[in-house]
Structures are given as C-alpha cells and as structure tokens.
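What follows is each chain in one-letter form.
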Amino acid sequence: MADNETPELKYHSAMQEFLHGRGWENDELKIDVVDRTVEYYATLDIGQTQGRVVVAAHEDDDLVDVYIYFGFKCKEAKRIQMAETLNGIHRRCAFGCFDMDPEDGELRWHHR
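Small disclaimer: the values here were computed from a predicted structure and weren't measured.

Undergrad: Give a detailed account of unusual backbone geometry, specifying residues and quantitative values.
TA: The backbone of aspartate 62 sits at a positive phi, close to 55°, despite the residue not being glycine. Its relative accessible area of 45% is what places aspartate 62 among the partly exposed residues.

If you want it as structure tokens, here you go:
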C-alpha cells in the first residue's frame, strides 16, 4: 500500500517516523491496514536464519504490539518440553513473553 493510500490514522506517521529514525526504510517495511490496525513488517537476520519483526499499532485501543518471529519451528515431538521451558523463562522476563504456535511450533517473542 502506498503512503498516499493509507487512511489517516494517528499512529501511522508517528510509527513511520520512529522506524525511519532507526534506519528502517520504506523498501524494508510492508505496511498493512486492517481493522484500523497499522502493521509494519520487516525481516532480520538471526544467526543463520532469517526472522521477521511485526509492529502493530491498534488505533481504537491505543495499543502497540511488537512481535519477533525467530525463523525456526520446534519439532512436534519437542513442543511439550519447549512449552515447559518457555514457562520457566517467563518467570524471569521483566517484560514481554515467548509464545509457541501449537499448530506448527513457530517461536516468537511478544510485547504489548
């Protein structure tokens, strides 16, 4: 979606200015507007794999979510063990949490 097609949403320009100030250019960002939520997508290198970052600004709720997808999935046979490990990590996290998609085992970090 081109900038001139983006509806006038209060977080759109603020988020774009913030991300551009940190070196994320338009060609690296995919911008989606669904249900008054502006979502910014970018890819990043994590070790030997490629992950992605999603920053979602929810206009109606005044909330911003940050997701980091790590680019790898936990094998089905290890998902219960991984869930238990993530639960232990949560007790030590000052903010955010790790999630694992139970369907495909994809790991992500989420902060609201």
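Picking up after the structure, the text goes on.
Undergrad: Describe the pattern of salt bridges, and please don't skip the residues or the numbers.
TA: This structure, assessed with the given rule, holds four salt bridges. Across the pair lysine 73 and aspartate 104 runs a salt bridge, and its minimum N-O distance is 3.4 Å. With lysine 73 in strand S4 (residues 63-73) and aspartate 104 in the loop between strand S5 (97-100) and strand S6 (106-111), this residue pair connects regions lying 31 residues apart in the sequence. Aspartate 104 gets classed as partly exposed once you look at its relative accessible area, which sits at 26%.

Undergrad: How would you sum up the pairing of S6? Please name residues and give values.
TA: Strand direction decides the pairing type here: S4 and S6, joined by five bridges, are antiparallel. Looking at S6, one finds that isoleucine 68 is bridged to tryptophan 109. Where S5 and S6 come together, four bridges link them in antiparallel fashion. Across the sheet, methionine 100 pairs through a bridge with leucine 107, a residue of S6. If you look at the hairpin formed by S5 and S6, you'll find five residues sitting between the two strands, and glycine 105 has a positive phi there, around 80°.

Undergrad: Please set out the nonpolar core residue by residue, giving values where relevant.
TA: Core analysis: the biggest nonpolar cluster contains seven residues, these being Met15, Leu19, Val38, Tyr40, Val53, Val55 and Ala57. Elements with a contribution of two residues or more to this core: helix H1 (10-21), strand S2 (37-46) and strand S3 (49-58). Among the elements that take part in this core, S3 stands out by supplying three residues, more than any other. Cys74, Met100, Leu107 and Trp109 belong to the second largest nonpolar core, which has six residues in total.

Undergrad: Give me the lowdown on the packing of aromatic side chains, citing residues and values where you can.
TA: If you walk through the whole model with that rule in mind, you get four aromatic pairs. Where phenylalanine 95 meets tryptophan 109, the ring centres are 6.1 Å apart and the plane angle is 80°; that geometry is what we call edge-to-face. Of this pair, phenylalanine 95 sits in the loop between helix H2 (79-90) and S5 while tryptophan 109 sits in strand S6; the two residues are 14 residues apart in sequence, bridging distant segments of the chain. Following the ring pairs from residue to residue traces out a cluster consisting of Phe70, Phe72 and Phe98. Geometry around tyrosine 69 places arginine 52 over its ring, the cationic atom sitting 3.9 Å from the centre.

Undergrad: Explain the side chain of histidine 110 to me, and be specific about the residues and the numbers.
TA: Its location among the elements puts histidine 110 in strand S6. Its relative accessible area of 16% is what places histidine 110 among the buried residues. Reaching out from histidine 110, the side chain makes a polar contact with the side chain of tyrosine 67 at a distance of 3.5 Å. The residues contacting histidine 110, other than those within four sequence positions of it, are Asp65, Val66, Tyr67, Gly96, Cys97 and Asp99.

Undergrad: So, the environment of leucine 86: which residues are in play, and what are the values?
TA: Relative to the assigned elements, leucine 86 resides in helix H2. As for leucine 86 and cysteine 97, which are separated by eleven residues in sequence, their C-alpha atoms are 8.4 Å apart. Beyond its immediate sequence surroundings of up to four residues, leucine 86 is in contact with Phe98, Asp99, Met100 and Leu107.

Parameters and conventions
- Residues numbered from 1 in each chain as written.
- Predicted model: local features only at pLDDT ≥ 70, side-chain atom pairs only at ≥ 80, totals over all residues.
- Heavy atoms only, no water.
- Buried < 20%, exposed > 50% of the residue type's maximum accessible area, 1.4 Å probe, protein only.
- Salt bridge = Lys/Arg side-chain N within 4 Å of Asp/Glu carboxyl O.
- Helix = DSSP H or I, 4+ residues; strand = E, 2+ residues; numbered from the N terminus.
- Pairing = 2+ DSSP bridges.
- Core = buried A, V, L, I, M, F, W, Y, C linked by side-chain atoms within 4.5 Å.
- Phe/Tyr/Trp six-rings, centres within 6.5 Å; stacked < 30°, edge-to-face > 60°.
- Lys NZ or Arg CZ within 6 Å of the ring centre and 35° of its normal.
- Polar contact = N/O pair within 3.5 Å; in protein donor to acceptor, adjacent residues only side chain to side chain.
- Contact = heavy atoms within 4.5 Å.

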